[in-house]
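# Geometric and topological summary
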Amino acid sequence: MKFLLTNDDGVFSIGIQTAARRLAADGHEVLVVAPDRERSGSGHAMTLDRPLSLIDVDRKFLLGDFTAKASDGLPTDCVVLGLEVLGFKPDMVISGINQGPNVADDLTYSGTACAAMEGLIAGYPALAMSLDGGSRDRCMHNDTAAEVMTALISWFS
């Protein structure tokens, strides 16, 4: 399968790296298009007032064998860039693994949830993954979240 991954934590976040590494190790084609820095709380905002940049991330900074691009845009922008500018046609858009919970009314502010929603609006199945943990937690259980992600993908397909 082909997956477009994004998030609101940034392209170098351990969550998106873990998700991409797991999918690539399972033999899937993975394209990561994510913000070049933390963009949490951006909701479904899009950048409309300036051109966006999209740069290749050198593989020596990645934790797996997949292609990654960083943008100075927001999570929703990253989905649009992956689909429309790069012409990537995924089987599913995945946003996350987010490093913190997205529950209740937080979903309306979540760049993670809204990036998945943008994939859905564009006509692709989409999944948002978040962990219920905080910055002081010693272990964020990203590997466990990646296992749940792959189980959900199997269930959906």
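To keep things clear, this report deals only with the structure shown in the data block. Only a predicted model underlies this, so the values are computations on that prediction, with no experimental measurement involved.

## Quick notes on the pattern of salt bridges
Any two side chains of opposite charge can pair if their charged atoms end up close together. Applying the stated rule across the entire model yields six salt bridges. Across the salt bridge formed by R50 and D72, the nearest N and O atoms sit 3.0 Å from each other. In this pair, R50 is assigned in the loop between strand 2 (29–35) and strand 3 (54–56) and D72 in the loop between strand 4 (67–71) and helix 2 (75–85), connecting sequence segments 22 residues apart.

## Notes on a nonpolar patch on the surface
A cluster of nonpolar side chains, namely M117, L120 and I121, defines an oily patch on the protein surface of about 310 Å² accessible area. Mapped onto the secondary structure, L120 falls in helix 3 (residues 111–121).

## Re the packing of helix 2 against helix 3
The N-to-C vectors of helix 2 and helix 3 enclose an angle of 30 degrees; their axes lie 8 Å apart at closest approach. Between helix 2 and helix 3, the angle is such that the two are roughly parallel. For the pair helix 2 and helix 3, the sense of crossing is right-handed. In this structure, helix 2 contributes P75, T76, V79 and V80 to the contact, and helix 3 contributes G111, C114, A115, E118 and G119.

## Re the nonpolar core
Counting 27 residues, the largest nonpolar core has L5, L23, V30, V32, F66, I94 and M149 as the members making the most contacts within it. Elements represented by at least two residues in this core include exactly strand 1 (2–6), helix 1 (14–25), strand 2, strand 4, strand 5 (92–98), strand 6 (126–130) and helix 4 (142–156). With residues up to four places along the chain from it excluded, the contact list for L23 reads F3, L5, H28, V30, I94, M149, T150 and I153. If you look at the next biggest cluster of nonpolar residues, it comprises eleven residues, including L31, V33, L81 and A115.

Procedures and definitions
Residues numbered from 1 in each chain as written. Predicted model: local features only at pLDDT ≥ 70, side-chain atom pairs only at ≥ 80, totals over all residues. Heavy atoms only, no water. Salt bridge = Lys/Arg side-chain N within 4 Å of Asp/Glu carboxyl O. Helix = DSSP H or I, 4+ residues; strand = E, 2+ residues; numbered from the N terminus. Patch = residues over 30% accessible without salt bridge, like charges linked within 9 Å, V, L, I, M, F, W, Y side chains within 5 Å. Areas by Shrake-Rupley, 256 points an atom, 1.4 Å probe, with all protein chains shown as cover. Axes fitted to C-alpha atoms, helices over the stretch in contact; angles between N-to-C directions. Parallel < 35°, antiparallel > 145°, perpendicular 65-115°, else oblique. Left-handed = near helix turned anticlockwise from the far one by under 90°. Contact = heavy atoms within 4.5 Å. Core = buried A, V, L, I, M, F, W, Y, C linked by side-chain atoms within 4.5 Å. Buried < 20%, exposed > 50% of the residue type's maximum accessible area, 1.4 Å probe, protein only.

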